[in-house]
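Report on the structure
Here's the letter readout for the chains.
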Amino acid sequence: MMQHFTCWADVPQPLELLASAKALKQNPWADEGLGKHRTLGLIFFNPSLRTRLSTQKAAYNLGMQVIAMDINEQGWKIETQDGAIMNGDKAEHIKDAVGVMGQYCDIIGVRTFATLSDQEQDYQDFTLEQFKKYAGVPIVSLESAIRHPLQSLADWLTIEEHKTRPRPKVVLTWAPHPKALPQAVANSFAEWMQNTDYEFVITHPEGYELAEEFSQNVQIEYDQNKAFENADFIYAKNWSNYKNYGKVLNQDMNWTVSAQKMQLTNQAKFMHCLPVRRNVVVMDEVIDGSHSIILPQAQNRVFSAQAVLKALLQR
Ligand code: CP
């Protein structure tokens, strides 16, 4: 039985969860009575478009009520240190805030990005763990410091729907970006893909290795052109440096996904979790082309969230 949804290991039967997402896509209102009189809280420490809207829609499809809060803008300033003497500008301790949220909600979703300055805190997933510890209700990660499992489940569903051979080659490619981004989407995608029977390859410039816990069993190819050969899916994503934590050390536009690079593939489908920097991460001709599946991928966010909420409501 699933207690929380924060990573692959939280899911006792991943194939069942995938099948549930597929079934809900065929009949989104099949369980519209399941969430009656149940409340989903959506707490955002960071911005969101897709996760917020898709999770809200998923909850409505199950008949749930939703309350959402941008906590940094709408809440009291939060203290996170245990034992802090709270005589500064922080009015509320995280353990009290989260404990109270648990009184109002049957399930809580929380988005909390990496600091990109404190690697130890980020890789302990500090804020997410505080929610698990103090809420007293199931927690759904809406993207944490190190993972984005709702995105990964939607990505898995999308690949299943679009694959043209049983064991497709799936390539996660690093791409340039002007700003420092977390590693969460890449980490999570690697975690989920490793647990499928797909051929999975990550390509990135040397030095951009993901944390060992996410990459140790993955085929790494530093030559992007070579990685693209015979690929069925190209998943582009930037991440900032893990070793030199949170730094942007490379903005090489040779890593941008272009039509020329896509020609090396097996007519690969193009994927990105969005939001995306056009003509930096990927050229317009690719993302607007007939092999781009970014919109079906985004649509599947609803059914991945709905499958997760359904499983948590049934526990
Ligand atoms: N892909 C994704 O999580 O998008 P948002 O940050 O807009 O939610």
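Just above, that's the structure.
Right, let's walk through the structure included here. Model, not experiment: these values are computed from the prediction. (Residues numbered from 1 in each chain as written. Predicted model: local features only at pLDDT ≥ 70, side-chain atom pairs only at ≥ 80, totals over all residues. Heavy atoms only, no water.)

Remarks on the environment of Y104
Let me state the cut-off plainly: Starting at the N terminus, helices and strands are each numbered in turn, a helix being any DSSP run of H or I of at least four residues and a strand any DSSP run of E of at least two. Contact between two residues is taken to exist if any of their heavy atoms lie within 4.5 Å; hydrogens are not considered.
You can see Y104 is positioned in helix α4 (residues 94-104). Sequence spacing of Y104 and T39 is 65 residues, and the spatial spacing of their C-alpha atoms is 7.4 Å. Leave out the neighbours within four places in its chain, and Y104 touches T39 and I67.

Some points on the pattern of salt bridges
Spelled out, the test is: When a carboxyl oxygen of Asp or Glu lies within 4 Å of a side-chain nitrogen of Lys or Arg, that pair is called a salt bridge. Type-normalised accessible area, obtained with a 1.4 Å probe on protein chains alone, sets the label of each residue: buried when under 20%, exposed when over 50%, and partly exposed for intermediate values.
In the structure shown here, the tally under the stated rule is 15 salt bridges. The shortest N-O distance in the salt bridge between E209 and K243 comes to 3.0 Å. Here E209, found in the loop between β8 (199-203) and α9 (212-215), pairs with K243, found in the loop between β10 (233-237) and α11 (259-262); they are 34 residues apart in sequence, far enough to count as distant. The class for E209 is buried, based on a relative accessible area of 15%. Judged by its relative accessible area of 60%, K243 is exposed. D288 is paired through a salt bridge with R278; the nearest N and O atoms lie 2.9 Å apart. In this pair, D288 sits in the loop between α12 (284-287) and α13 (294-313) while R278 sits in the loop between β11 (269-271) and α12, placing the two residues 10 residues apart along the sequence. Taking the relative accessible area as the measure of exposure, R278 reaches 39% and is therefore partly exposed.

Structural notes on helix α1 (residues 14-26)
Where we set the bar: Multiplying one less than the number of residues by 1.5 Å gives the expected span of a helix. Summarising the geometry, the arc corresponds to the directions from the helix axis toward the C-beta atoms.
For α1, spanning 13 residues, the distance from its first C-alpha to its last is 19 Å, which sits close to the expected 18 Å at 1.5 Å a residue. Inspection of α1 places P14, L17, L18, S20, A21 and L24 among the buried residues, and these make up the whole buried set. One side of α1 carries all its buried residues, which in axial view fall inside an arc of 160°. For α1, the exposed residues lying more than 90 degrees away from the buried face are L15, E16 and Q26. Contacts made by the buried residues of α1 are with α7 (149-162) and α13.

A short note on the packing of α1 against α13
In a packed pair of helices, the relevant descriptors are the angle between the two axes and the axis-to-axis distance. The criterion, for reference: Between N-to-C directions, angles span 0 to 180 degrees; the directions come from axes that are lines fitted to C-alpha atoms, helices contributing only their stretch in contact. Here the word oblique covers every angle except those under 35 degrees (roughly parallel), over 145 (roughly antiparallel) and from 65 to 115 (roughly perpendicular). With the far helix as reference, a near helix turned anticlockwise by less than a right angle produces a left-handed crossing, and one turned clockwise produces a right-handed crossing.
Closest axis-to-axis distance for the α1/α13 pair is 8 Å, and the angle between their directions is 120°. On the basis of the axis angle, α1 is oblique to α13. Crossing geometry of α1 relative to α13 is assigned as right-handed. Between α1 and α13, the contacting residues are L17, S20, A21, L24 and K25 on the first element and Q299, N300, F303, S304, Q306, A307, V308, K310 and A311 on the second.

Any link to function would need more than the numbers given here.
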